Amino acid sequence: MRRMHQPLMLLAMALCLFIAPAMQTVQAEEIDTSNPFKLLEQVSERMTKRIAEERETIEANPNYLREIMAQELLPHSDYQFAARAVMARNWGRLNEQQQNDFVAAFRDYLVTTYARVFTQYDENKHRIVFAPAGSFENERRVTVRAQLIEEGGRPPIRIEFQMQRRNPQAPWMAFDLVAEGVSMLNAQRSEMEASLRQNGIEGTIQLLRDRAAVEIDLNEDLDVSDFTS
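Residues numbered from 1 in each chain as written. Predicted model: local features only at pLDDT ≥ 70, side-chain atom pairs only at ≥ 80, totals over all residues. Heavy atoms only, no water.

Chemist: Can you help me understand the packing of aromatic side chains in this one?
Modeler: Any pair of aromatic rings gets described here by the distance separating the centres and the angle formed by the planes. Going through the model one piece at a time under the given rule, you end up with six aromatic pairs. On the basis of an interplanar angle of 20 degrees and a centroid distance of 5.9 Å, the ring pair of Phe102 and Phe106 is categorised as stacked. Placement of the pair is Phe102 and Phe106 together in helix H6 (residues 96–117), with a separation of four residues, close to one helical turn. Across the pair, exposure class does not vary: Phe102 and Phe106 are buried alike. (Phe/Tyr/Trp six-rings, centres within 6.5 Å; stacked < 30°, edge-to-face > 60°. Helix = DSSP H or I, 4+ residues; strand = E, 2+ residues; numbered from the N terminus. Buried < 20%, exposed > 50% of the residue type's maximum accessible area, 1.4 Å probe, protein only.)

Structure representation (structure tokens):
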């Protein structure tokens, strides 16, 4: 992929790689969690609007992006499911304390990742356009398709949000994002497997904690490989 397309690709990664259920805020309860297509449109619209309205606060304190990500994205994502998925067969080899520590570290890492990616977001240039809604009433998993568009004539990024509900009465939540054919869940699984071989579980947990603790820099020059390798 061409270098000039990297910020747009990164935004595509973050706009809904919402990886489990968190405490719902009053605002979050207004989201229609019974309809996966409407849910994503509402979350995307509200989050990007909030970033635009709080731009001054973000520029004064870039770490405030973490708070926005935790409040707007995580309540509609399944990071517990994703944490188990990226560990794959290694999950059953962990004791209960290690599982809890990994999930907590993975959650904090995701919040920081979202915040770093959204340093690239410019509400004056970027917009997301969703494809028409499909049928979901009798489904447990659905794919919601969209395009992330940047003004200036660059080709749009094709994105697919993978949504699931744990039972017919449960809310829909996102668990993976496929951007231009690249599954972020699969990319993270490969990285965790490599880290486990090299660092073991305690070292892998500490790696996630270290990444979660980095300062948010609005001028950071990000590359897709920062999040997919």
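From this point, things continue past the structure.
Chemist: Looking at this model, I keep getting lost on the environment of Gln99. Mind explaining?
Modeler: By the element assignment, Gln99 lies in helix H6. Apart from the residues lying within four places of it in its own chain, the contact partners of Gln99 are Trp91 and Leu94. (Contact = heavy atoms within 4.5 Å.)

Chemist: Any chance you could explain the nonpolar core here in plain terms?
Modeler: Proteins that are soluble and globular tend to have nonpolar side chains buried together. Within the largest apolar cluster, 57 residues are counted, with the highest numbers of intra-cluster contacts made by Met69, Phe102, Phe106, Ile159, Phe161 and Met163. Examining the composition of this core, we find that nine residues originate from one element, H6, more than from any other. (Core = buried A, V, L, I, M, F, W, Y, C linked by side-chain atoms within 4.5 Å.)

Chemist: Hey, could you run me through the pairing of strand S2 (residues 141–150) in this one?
Modeler: It is a general feature of regular strands that their side chains alternate between the two faces of the sheet. With five bridges joining them, strand S1 (residues 126–130) and S2 adopt antiparallel strand pairing. Across the sheet, the residue bridging to Ile128 is Leu148, located in S2. The pairing of S2 with strand S3 (residues 157–164) spans eight bridges and is antiparallel. When the bridges of S3 are listed, Leu148 appears paired with Ile157. (Pairing = 2+ DSSP bridges.)

Chemist: I would appreciate a short explanation of the confidence of the model for the protein in the present structure.
Modeler: Segments scoring low in pLDDT should not have their predicted coordinates read at a detailed level. Of all residues in the protein, 84% attain a pLDDT of 70 or more, and the chain-wide mean is 82. In the model of the protein, helix H8 (residues 225–228) stands out as the element of lowest mean pLDDT, 53, in contrast to helix H3 (residues 55–60), which has the highest, 94. Contacts for the low-pLDDT stretch residues 1–5, under 50 throughout, to residues beyond four places or in other chains number 11 contacts. In the predicted structure, residues 16–29 sits below a pLDDT of 50 and forms 55 contacts with residues beyond four places in sequence or in another chain. (pLDDT = per-residue confidence, 0-100.)

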